[in-house]
Amino acid sequence: MSQNIDEGPKDPWIKINFDNSLLSGIPHIDEEHKKLYQLAADILRAYLNNPRDKNIEEFLLELRTTLSEHFEHEEVEMAQRGFPEFIEHQESHSTLMTHFLRLHASYTHNLMSFSDLYTFLTKEVIQDHIIKYDLIFHQFLDQKA
Ligand SMILES: [Fe+2]
Ligand SMILES: [Fe+2]
């Protein structure tokens with residue numbers, strides 16, 4: 001029997017466990033990554049519990065602030081430390097913010113599905129960006145150390 005895609009997986013937060021291999025060694029950057037993991041888990045839990053939960057809007061606003069501040073802080077660190085892929089990384093942050101704003105607008109218009117939310121948080125932000133793309137910066141920091 002096929003599963004309705006909007007039901008999503010039963011335990012979406014199972015992948016949302018921050019582990020120490022993701023630490024960059026820059027304390028405020030690491031705290032922000034942990035906060036993004038926590039927010040992702042909180043938003044998905046709230047949505048699964050009730051897609052019209054009033055807390056979701058607050059979580060999305062908090063996510064917007066956290067993402068935008070984090071990107072700015074990370075870019076400052078990259079620029080100051082001479083990270084050679086700074087421009088490409090900055091473009092990736094900008095793309096993520098555009099996708100977030102699109103997602104938020106779709107939520108506001110009652111058009112956001114669970115799979116849209118799940119894919120943005122776990123794939124675009126966590127898997128593809130924090131785990132894979134930020135890792136390149138962390139490896140650069142390790143080489144410099
Ligand atoms: Fe990051
Ligand atoms: Fe980043």
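Residues numbered from 1 in each chain as written. Chains lettered and ligands numbered in written order. Predicted model: local features only at pLDDT ≥ 70, side-chain atom pairs only at ≥ 80, totals over all residues.

**Some details on the confidence of the model for the chain**
In this model, the chain carries a mean pLDDT of 90, and residues with pLDDT of at least 70 account for 90%. The secondary-structure element of the chain with the lowest mean pLDDT is helix α1 (residues 27-49), recorded at 94, while helix α3 (residues 86-108) shows the highest, at 98. (pLDDT = per-residue confidence, 0-100. Helix = DSSP H or I, 4+ residues; strand = E, 2+ residues; numbered from the N terminus.)

**A word on α3**
Taking 1.5 Å of rise per residue, 23 residues should cover 33 Å, and α3 covers 33 Å from first to last C-alpha, within 8% of that figure. Downstream of α3 by a residue or two, Asn110 has a phi angle that is positive, lying close to 65 degrees. (Expected span 1.5 Å × (residues − 1).)

**A look at the nonpolar core**
With 16 residues, the main nonpolar core has Ala40, Ile43, Leu44, Leu117, Leu121 and Val125 as its most contacted residues. Of all the secondary-structure elements, those providing two or more residues to this core are α1, α2 (54-80) and α4 (114-144). Residue contacts for Leu117: discarding those within four places in its chain leaves Ile43, Leu44, Tyr47, Leu103 and Met112. (Core = buried A, V, L, I, M, F, W, Y, C linked by C-beta atoms within 7 Å. Buried ≥ 20, exposed ≤ 12 C-beta atoms within 10 Å, placed from the backbone. Contact = placed C-beta atoms within 7 Å.)

**Quick look at the packing of α1 against α4**
Axis separation between α1 and α4 bottoms out at 10 Å; the angle between their running directions is 165 degrees. Judged by the angle between their axes, α1 and α4 are roughly antiparallel. At the point where α1 passes α4, the crossing takes the left-handed sense. Between α1 and α4, the residues in contact are His33, Leu36, Tyr37, Ala40, Ile43, Leu44 and Tyr47 and Phe114, Leu117, Tyr118, Leu121, Thr122, Val125, Ile126 and Ile130, respectively. In terms of residue class, the contact of α1 with α4 is built from 13 nonpolar, 2 polar and no charged. (Axes fitted to C-alpha atoms, helices over the stretch in contact; angles between N-to-C directions. Parallel < 35°, antiparallel > 145°, perpendicular 65-115°, else oblique. Left-handed = near helix turned anticlockwise from the far one by under 90°. Nonpolar A, V, L, I, M, F, W, Y, C, P; charged D, E, K, R; others polar.)

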